[in-house]
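Architecture and fold: a report
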Amino acid sequence: MKTFLNILYWFLIAFALIQFIPVNRTNKPVDSKVDFVKVYNTPKKVEKLLRNACYDCHSNETVYPKYAYVAPISWSLKNHVNKGKRYLNLSEWGTFNRDLKKNMLDMTVNSLKIYTMPMPGYVAQHPEANLSKAERIMLTQYFEDILKTGNY
């Protein structure tokens with residue numbers, strides 16, 4: 001029992017100390033001229049889906065939940081957000097070249113079709129991001145229409 005209490009004591013000390021390791025949760029400013037929904041004058045219904053299911057990880061408008069301030073969860077969450085923005089940042093859409101935009105649209109369509117996005121772990125904490133089959137079809141069709149026009 002004494003060994004268990006000793007381990008618990010040091011675990012709690014370590015847990016308290018890691019709370020002082022900073023995680024930068026500052027969002028870069030958003031320039032509406034290059035933001036995806038503004039560039040395409042996205043219909044409100046589609047914009048709402050994008051904001052609910054995509055923008056937290058794929059834009060400079062991340063809203064961090066309360067648990068994002070507790071290490072080591074904060075580290076993992078920040079890593080996921082950074083990775084999401086590397087693959088697709090809707091806030092910076094207008095700054096990307098044509099080939100990159102086409103690739104991002106193709107990957108997004110594929111991710112929606114095979115249900116890998118939004119990530120199940122994200123949906124578990126954000127029920128508003130749980131896209132129905134009809135919503136997935138709507139988003140997929142929207143992205144495919146952009147691809148068909150070649151206006152990307």
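Description of the structure in this document. Every value quoted in this text rests on a predicted model; they were computed, and no experiment measured them.

**Notes on the packing of helix H5 (residues 98-113) against helix H7 (residues 133-149)**
The contact between H5 and H7 brings their axes to 9 Å, and the two run at 160°. As the angle between them shows, H5 and H7 are arranged roughly antiparallel. Read as a crossing pair, H5 and H7 show a hand that is left-handed. Residues Lys102, Leu105, Asp106, Thr108, Val109, Ser111, Leu112 and Lys113 of H5 pack against Arg136, Leu139, Thr140, Phe143, Glu144, Ile146 and Leu147 of H7. Across the contact of H5 with H7, the residue classes tally to seven nonpolar, three polar and five charged.

**As for H5**
For an α-helix, 3.6 residues make a turn, and residues three or four places apart therefore share a direction. With 16 residues, H5 should cover 22 Å at 1.5 Å per step; its first-to-last C-alpha distance of 23 Å lies within 8% of that length. The inward-facing, buried residues of H5 abut helix H2 (36-39), helix H4 (73-87) and H7. A distance of 3.0 Å separates the backbone nitrogen of aspartate 99 from a side-chain oxygen at the start of H5, and that oxygen is part of asparagine 97. Of the residues flanking the end of H5, it is tyrosine 115, one or two places downstream, whose phi is positive at about 65°.

**A closer look at the side chain of serine 91**
On the secondary structure map, serine 91 appears in the loop between H4 and H5. Residue serine 91 is classed as buried on the basis of its relative accessible area of 2%. There is a polar contact of 2.8 Å between the side chain of serine 91 and the backbone nitrogen of asparagine 60. If near-sequence neighbours (up to four positions away) are discounted, serine 91 is found in contact with Val30, Asp31, Val34, Asp35, His58, Ser59, Asn60 and Glu61.

**Examining the packing of aromatic side chains**
By the definition in use, this model includes nine aromatic pairs. Measuring from centroid to centroid gives 6.4 Å for phenylalanine 11 and phenylalanine 15, while their planes differ by 20°, and the two rings are stacked. Here phenylalanine 11 pairs with phenylalanine 15, and both are found in helix H1 (residues 2-18), just four residues apart, close to one helical turn. Overall, the relative accessible area of 52% leaves phenylalanine 11 in the exposed class. By the ring-pair criterion, three or more aromatic residues cluster together here, those being Phe36, Tyr40, Trp93, Phe96, Tyr142 and Phe143. We note arginine 51 situated over the ring of tyrosine 55; from NZ or CZ to the ring centre the distance is 4.5 Å. In this arrangement the basic side chain of arginine 98 is found over the ring face of tyrosine 152, its NZ or CZ atom lying 4.4 Å from the centre.

The rules behind the values
- Residues numbered from 1 in each chain as written.
- Predicted model: local features only at pLDDT ≥ 70, side-chain atom pairs only at ≥ 80, totals over all residues.
- Heavy atoms only, no water.
- Axes fitted to C-alpha atoms, helices over the stretch in contact; angles between N-to-C directions.
- Helix = DSSP H or I, 4+ residues; strand = E, 2+ residues; numbered from the N terminus.
- Parallel < 35°, antiparallel > 145°, perpendicular 65-115°, else oblique.
- Left-handed = near helix turned anticlockwise from the far one by under 90°.
- Contact = heavy atoms within 4.5 Å.
- Nonpolar A, V, L, I, M, F, W, Y, C, P; charged D, E, K, R; others polar.
- Expected span 1.5 Å × (residues − 1).
- Polar contact = N/O pair within 3.5 Å; in protein donor to acceptor, adjacent residues only side chain to side chain.
- Buried < 20%, exposed > 50% of the residue type's maximum accessible area, 1.4 Å probe, protein only.
- Phe/Tyr/Trp six-rings, centres within 6.5 Å; stacked < 30°, edge-to-face > 60°.
- Lys NZ or Arg CZ within 6 Å of the ring centre and 35° of its normal.

None of the figures reported here should be taken as evidence of function without further support.
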